[in-house]
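Coordinate inspection notes
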Amino acid sequence: MSFKDKIDLNRLPRHVAVIMDGNGRWAKKQGRLRTFGHESGVTSVRETAEAAAELGIENLTLYAFSTENWNRPRHEVEALMHLLIRTINNEMKTLNQNNIRLFAIGNLKALNKNTYKHLLKAIDDTKTNARMNLILALSYSSHDEIVEAAREIAQKVKNNELAVEDINDNTISKHLYTKDFPDPELLIRTSGEYRISNFLMWQLAYAELYFTPKLWPDFRREDFYEAIVNFQCRERRFGRTSEQVSEKVKL
Ligand code: IPE
Ligand code: IPE
Ligand code: MG
């Protein structure tokens with residue numbers, strides 16, 4: 001029996017975020033170059049995006065490149081940028097067939113001109129697709145995102161467009177790159193690492209965290225379904241008691 005059959009389609013997370021980790025170790029295990037691991041990870045991206053869209057998940061965010069990843073050896077960074085362009089171009093058909101709309105979050109201006117151009121074109125070419133939003137986190141840093149939001153908010157206060165006492169939770173959310181998307185309810189990280197690595201720190205405040213030892217290039221649809229089943233077995237209490245959540249006690 002597939003994990004897919006155990007999924008309650010009425011209780012899907014609206015937004016799933018994934019830290020796609022372990023490409024380098026996967027390649028090394030086979031005596032191959034790290035870049036071979038990145039290339040092999042593209043199949044996992046396709047399978048995950050298709051599985052999520054078919055289930056009816058509205059938003060899928062994939063952490064593809066962090067600002068810290070700029071510090072990797074130059075040839076690896078260049079290979080990743082080329083792979084990004086190639087993948088975007090190759091996957092356009094699949095995105096359109098699956099009615100998936102592409103978005104990108106992060107410091108996109110830091111990408112080289114050619115990568116940026118291809119990315120903007122793909123975003124534009126999928127803008128009428130409505131089944132699922134596929135959000136790529138590229139040159140992304142959660143700290144930078146929050147700093148940028150703080151600057152924009154401060155500027156609005158300075159311009160008398162916003163009163164200090166009106167700044168609330170929603171003000172922050174609406175100044176983040178993710179302002180158009182709900183917060184992720186589920187975060188998946190592959191490769192057995194137990195950390196957030198500067199990813200969506202504000203938005204993940206109440207996300208369920210799911211860690212799997214599988215390395216990203218080995219991650220398949222079934223692994224995604226398993227994560228969703230695991231998510232659906234959790235009791236999300238948001239600070240309340242278990243009794244309150246299960247409505248054994250009148251609220
Ligand atoms: C994730 O795999 C891909 C990126 C960060 C771009 P890694 O390249 O981090 O693989 P490991 O963690 O070194 O195995
Ligand atoms: C996080 O993975 C970034 C991406 C998956 C794109 P890393 O491999 O860069 O994270 P650390 O360095 O292990 O925390
Ligand atoms: Mg890694």
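Up top is the structure these notes are about.
In short, a report on the structure. (Residues numbered from 1 in each chain as written. Chains lettered and ligands numbered in written order. Predicted model: local features only at pLDDT ≥ 70, side-chain atom pairs only at ≥ 80, totals over all residues. Heavy atoms only, no water.)

Re the overall build of the protein
Helix and strand counts for the protein come out as eight helices and six strands. Taken over C-alpha atoms, the radius of gyration comes to 19 Å for the protein, in line with the 18 Å a tight globule of 251 residues would show. Counting the 251 residues in the protein, one finds 46% classified as buried. For the protein, the share of sequence-separated contacts (at least 6 apart) that also reach a separation of at least 24 residues comes to 78%. Carbon and sulfur atoms form 50% of the exposed surface of the protein, whose accessible area is close to 13700 Å². (Helix = DSSP H or I, 4+ residues; strand = E, 2+ residues; numbered from the N terminus. Rg over C-alpha atoms; globule rule 2.2 N^0.38 Å. Buried < 20%, exposed > 50% of the residue type's maximum accessible area, 1.4 Å probe, protein only. Contact = heavy atoms within 4.5 Å. Areas by Shrake-Rupley, 256 points an atom, 1.4 Å probe, with all protein chains shown as cover.)

Focus on the site of ligand 1
Close to ligand 1 lie Met 20, Asp 21, Gly 22, Asn 23, Gly 24, Arg 25, Arg 34, His 38, Ala 64, Asn 69, Arg 72 and Leu 80. Between ligand 1 and Arg 25 there is a distance of 2.7 Å, counted from an oxygen atom to a backbone nitrogen or oxygen. In this structure, an oxygen atom belonging to ligand 1 sits 2.9 Å away from a side-chain N or O atom of Arg 34. If ligand 1 stood free it would expose 380 Å²; the protein chains cover 87% of that surface. Those elements that provide at least two residues to the shell around ligand 1 are α1 (23-29) and α2 (34-55). The biggest single contributor to the shell around ligand 1 is α1, with three residues. (Near = heavy atom within 4 Å. Polar contact = N/O pair within 3.5 Å; in protein donor to acceptor, adjacent residues only side chain to side chain.)

Topic: the packing of α2 against helix α3 (residues 74-97)
Helix packing geometry: the angle between the two helix axes and the distance between the axes. It is at 10 Å that the axes of α2 and α3 come closest, and there the two elements cross at 30°. Comparing their axes, α3 and α2 come out roughly parallel. The handedness of the crossing between α2 and α3 is right-handed. Taking contact as the criterion, the partners of Arg 34, Thr 35, His 38, Glu 39, Val 42, Arg 46 and Glu 50 in α2 are, on α3, Glu 76, Ala 79, Leu 80, Leu 83, Arg 86, Thr 87, Glu 91 and Thr 94. (Axes fitted to C-alpha atoms, helices over the stretch in contact; angles between N-to-C directions. Parallel < 35°, antiparallel > 145°, perpendicular 65-115°, else oblique. Left-handed = near helix turned anticlockwise from the far one by under 90°.)

Considering the sheet that holds strand β1 (residues 15-19)
In space, the six strands of this open sheet follow the order β3-β4-β2-β1-β5-β6, with parallel pairing throughout. In this open sheet, the two strands that pair with only one neighbour each are β3 (100-105) and β6 (208-211). Neighbour-to-neighbour, the strand axes of this sheet turn through a mean angle of 20°, independent of strand direction. Examined bridge by bridge, β3 and strand β4 (residues 132-140) share six bridges and lie parallel to one another. In the sheet register, Arg 101 faces β4, and the bridge partner there is Asn 133. The strands that α2 touches are β2 (59-66), β3 and β4; relative to β2, the one it contacts most, it runs at about 160°. Sitting on the sheet, helix α7 (residues 221-232) touches β1, β2, β5 (186-189) and β6, and the angle it makes with β5 is about 135°. (Pairing = 2+ DSSP bridges.)

Quick notes on unusual backbone geometry
Even without a glycine there, the phi angle at Ser 139 is positive, about 50°. Following the sequence through the fold, Ser 139 ends up in strand β4. Positive phi, normally seen in glycine, also occurs at Ser 197, with a value near 50°. Considering the arrangement of structural elements, one finds Ser 197 in the loop between β5 and β6. Take Ser 197: its relative accessible area is 29%, and that puts it in the partly exposed class.

Some thoughts on helix α4 (residues 113-125)
Here α4 contains 13 residues, and its C-alpha end-to-end distance of 18 Å stays within 8% of the 18 Å for a straight helix at 1.5 Å per residue. Buried residues in α4 make contact with α3, β3 and β4. (Expected span 1.5 Å × (residues − 1).)

Description of the environment of Leu 204
Topologically, Leu 204 is positioned in the loop between β5 and β6. Using a relative accessible area of 9% as the deciding quantity, one classes Leu 204 as buried. The spacing of Leu 204 and His 15 is 189 residues in sequence and 11 Å in space, taken between C-alpha atoms. In contact with Leu 204, not counting residues within four places along its chain, are Pro 184, Leu 187, Ile 196 and Phe 199.

A word on the pattern of salt bridges
Using the criterion set out here, one finds 19 salt bridges in the structure. In this structure, Asp 8 engages Arg 11 in a salt bridge whose closest nitrogen and oxygen atoms are separated by 3.3 Å. Of the residues examined, Asp 8 reaches a relative accessible area of 28% and is grouped as partly exposed. Residue Arg 189 is joined to Asp 21 by a salt bridge in which the shortest nitrogen-to-oxygen separation is 2.8 Å. Of this pair, Arg 189 sits in strand β5 while Asp 21 sits in the loop between β1 and α1, placing them 168 residues apart in sequence. For the residue pair Arg 189 and Asp 21, the accessibility class agrees, reading buried in each case. (Salt bridge = Lys/Arg side-chain N within 4 Å of Asp/Glu carboxyl O.)

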